[in-house]
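# Notes for the structure review
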Amino acid sequence: MNKITIAIDGYSSTGKSTVAKQLAKALGYVYVDTGAMYRAVTLFSMQNNLISEHHFNKNELISLLDKVEVSFQFNEALGYAEVYLNGANVENTVRSLEVSQFVSQIAAVSEVRQQLVKQQQQLGKNKGVVMDGRDIGTVVFPDAELKVFMTASPDTRAERRYKELLNKGEDINYDDVLENVKSRDYLDSTREDSPLIKAHDAIEIDNSNLSLEQQFQTVFKLAKAAI
Ligand code: C5P
């Protein structure tokens, strides 16, 4: 069967990765979570004291980028690939609210984007890939056969993310999560390099009132039609 490239972009916590993972599984495609890659570089920056609430040593991060190795390893039990930073599994650590609070600053650095985009293009070069992020349909794979742009109201998204973090045992409050969702959307949409924007040929899905199953069925039908 003909293999295609599927780009799923959209705002923070729109449930892109849940749908993308399900879709990849149903199609026998590879799933790549590009947000996890930016999160891993953020964790590296935090571990090396390059970023905090009070400072961001961007030039030092740029000079250390060749020491940052982000990779994925498929976990059979989970059914998807987990993200690794310099050989260590950081799948859970990178999802913390703390990492979320710095990630948009790191993702605005062009040198970081160049390195990760190159790697993403390599990961998807044989097609048969579902990749989610902010710039997949506009920058990473502008020729993707199917582009989906997911949206949902900020409250719906914050609520989803809040429940997810609570379930993971994080000590957080709802207002911080909502604030983070809004500030990431703002930073991601207004940055100079590869801002979050809907590709002209992307299909927009507002999933505020869709169940997970309805979302999956919607993108699965689109994928079937595009293959
Ligand atoms: O998708 P996720 O919420 O995990 O992404 C975390 C952050 O990584 C985003 O808020 C954005 O700043 C950055 N990102 C990006 N480009 C991508 C994927 C994520 O700039 N393709």
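Relevant structure appears above.
Since we're looking at a predicted model, the values are computed, not measured. (Residues numbered from 1 in each chain as written. Predicted model: local features only at pLDDT ≥ 70, side-chain atom pairs only at ≥ 80, totals over all residues. Heavy atoms only, no water.)

With that out of the way, let us pick up helix H1 (residues 16–27). An ideal rise of 1.5 Å per residue puts 16 Å on 12 residues; H1 measures up with 16 Å between its terminal C-alpha atoms. Every buried residue of H1 is accounted for by Lys16, Val19, Ala20, Leu23, Ala24 and Leu27. Summarising the axial view, the buried residues of H1 lie within an arc of 130°, below the 170-degree limit, and thus occupy one face. Among the structural elements, strand E1 (5–10), strand E2 (30–33), strand E6 (129–133), strand E7 (146–151) and helix H9 (212–226) are those in contact with the buried residues of H1. Two residues or fewer past H1, glycine 28 is found with a positive phi of approximately 70°. (Helix = DSSP H or I, 4+ residues; strand = E, 2+ residues; numbered from the N terminus. Expected span 1.5 Å × (residues − 1). Buried < 20%, exposed > 50% of the residue type's maximum accessible area, 1.4 Å probe, protein only. Arc of directions from axis to C-beta. Contact = heavy atoms within 4.5 Å.)

Ranked by internal contacts, the top residues of the largest apolar core, which has 35 residues, are Val41, Leu61 and Val112. Elements with a minimum of two residues in this core: helix H2 (34–47), strand E4 (80–85), helix H4 (97–107), helix H5 (110–123), E6 and helix H6 (136–140). Counting residues in hydrophobic clusters, the runner-up holds 18 residues, among them Ile6, Ala24, Met150 and Ile205. (Core = buried A, V, L, I, M, F, W, Y, C linked by side-chain atoms within 4.5 Å.)

A few words now on the packing of H4 against helix H8 (residues 174–190). Here H4 crosses H8 at 20°, and the two axes come no closer than 9 Å. Taken together, the axes of H4 and H8 lie roughly parallel to each other. Seen along the crossing, H4 lies across H8 with a hand that is left-handed. Counted together, Leu97, Ser100, Gln101, Val103 and Ser104 of H4 and Asp176, Val177, Asn180, Arg184, Leu187 and Asp188 of H8 form the full contact between these two elements. Of the residues contributing to the contact of H4 with H8, the split by class is 4 nonpolar, 4 polar and 3 charged. (Axes fitted to C-alpha atoms, helices over the stretch in contact; angles between N-to-C directions. Parallel < 35°, antiparallel > 145°, perpendicular 65-115°, else oblique. Left-handed = near helix turned anticlockwise from the far one by under 90°. Nonpolar A, V, L, I, M, F, W, Y, C, P; charged D, E, K, R; others polar.)

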